[in-house]
Amino acid sequence: MWYFGLDVGGTHVDCLAINETGSRLELHRNRPTDCLPEQAVPEMIAGFIDESNIKSKQIELISIGWKHGRDSERAKRMINQFAKLGLRSKVFWDAEAAFVGALPEQVGLVVLSGTGSVIYGKDRNGHVLSSGGWSPLLGDPGSSFFIGQQALISVLKDKEKIGPVTKLTKIIPQNLRHNVNDLVVLADSNIDVAVPMIASI
């Protein structure tokens with residue numbers, strides 16, 4: 001039987017599949033920004049399964065670490081999408097999934113810094129500590145979104161002559177293939193698309 005572990009980030013999806021003989025398959029893909037993860041991720045994994053020639057009936061479980069794992073409604077939608085493909089899945093908060101994977105004794109702290117950021121841990125008495133993971137709009141300092149956001153703000157201040165001149169004014173549009181005004185409109189109209197794009201800065 002095969003067991004899948006997914007890390008669904010704001011920008012990328014990483015997948016590790018392993019079976020009882022120790023055979024491993026890995027996938028690292030950019031997450032599509034034009035649809036919600038609840039729809040995009042099951043479709044991505046279905047494609048990966050097809051490529052690997054693994055049959056659905058050979059998959060025991062897909063475990064998913066996701067920043068929205070604490071949101072029971074969104075988690076349920078993800079699980080239902082996998083169920084339509086004939087796959088059994090469970091969704092966890094990504095910080096908790098990282099903690100269990102990194103610290104088998106379940107004592108200590110893990111720090112996640114990707115598109116978002118969070119600290120999660122437990123002491124020897126099982127008390128949970130967490131900080132961050134609030135979403136890009138409300139914080140997540142040290143995350144790639146936060147750093148990209150600060151860079152973009154510097155460019156906007158430069159353009160409007162209310163801040164220092166920065167070389168980022170030329171670099172960011174070239175790297176993103178978008179002009180800054182388009183990013184402002186995108187951030188206003190479609191935050192799910194804007195967040196991974198700004199994080200990629």
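One structure accompanies this document, and this report is about it. Not measured: the values here are computed from a predicted model.

If you look at the biggest cluster of nonpolar residues, it comprises 23 residues, and the most contacted ones within it are F4, L6, I45, I62, I64 and F82. If you list the elements that add at least two residues to this core, you get β1 (2-8), β2 (12-19), α1 (37-52), β4 (59-66) and α2 (72-84). If we skip the residues at most four places from it in the chain, I62 touches F4, L6, I45, F82, L87, R88, S89 and K90. Membership of the second largest hydrophobic core comes to 15 residues, among which are V180, L183, V193 and I198.

Another point: helix α7 (residues 191-199). Taking burial as the measure, the nine residues of α7 include seven buried ones, the bulk of the element. Within the span of α7, buried status applies to V193, A194, V195, P196, M197, I198 and A199. Buried residues along α7 sit in contact with α4 (144-159), α5 (168-176) and α6 (180-189).

This part covers the environment of I59. As for its placement among the helices and strands, I59 is situated in strand β4. Once the C-alpha coordinates of I59 and M197 are considered, the two residues, 138 residues apart in sequence, prove to be 33 Å apart. Residues contacting I59, with those up to four places away along its chain left out, are M1, W2, F4, I49, I54 and L87.

The rules behind these values
Residues numbered from 1 in each chain as written. Predicted model: local features only at pLDDT ≥ 70, side-chain atom pairs only at ≥ 80, totals over all residues. Heavy atoms only, no water. Core = buried A, V, L, I, M, F, W, Y, C linked by side-chain atoms within 4.5 Å. Buried < 20%, exposed > 50% of the residue type's maximum accessible area, 1.4 Å probe, protein only. Helix = DSSP H or I, 4+ residues; strand = E, 2+ residues; numbered from the N terminus. Contact = heavy atoms within 4.5 Å.

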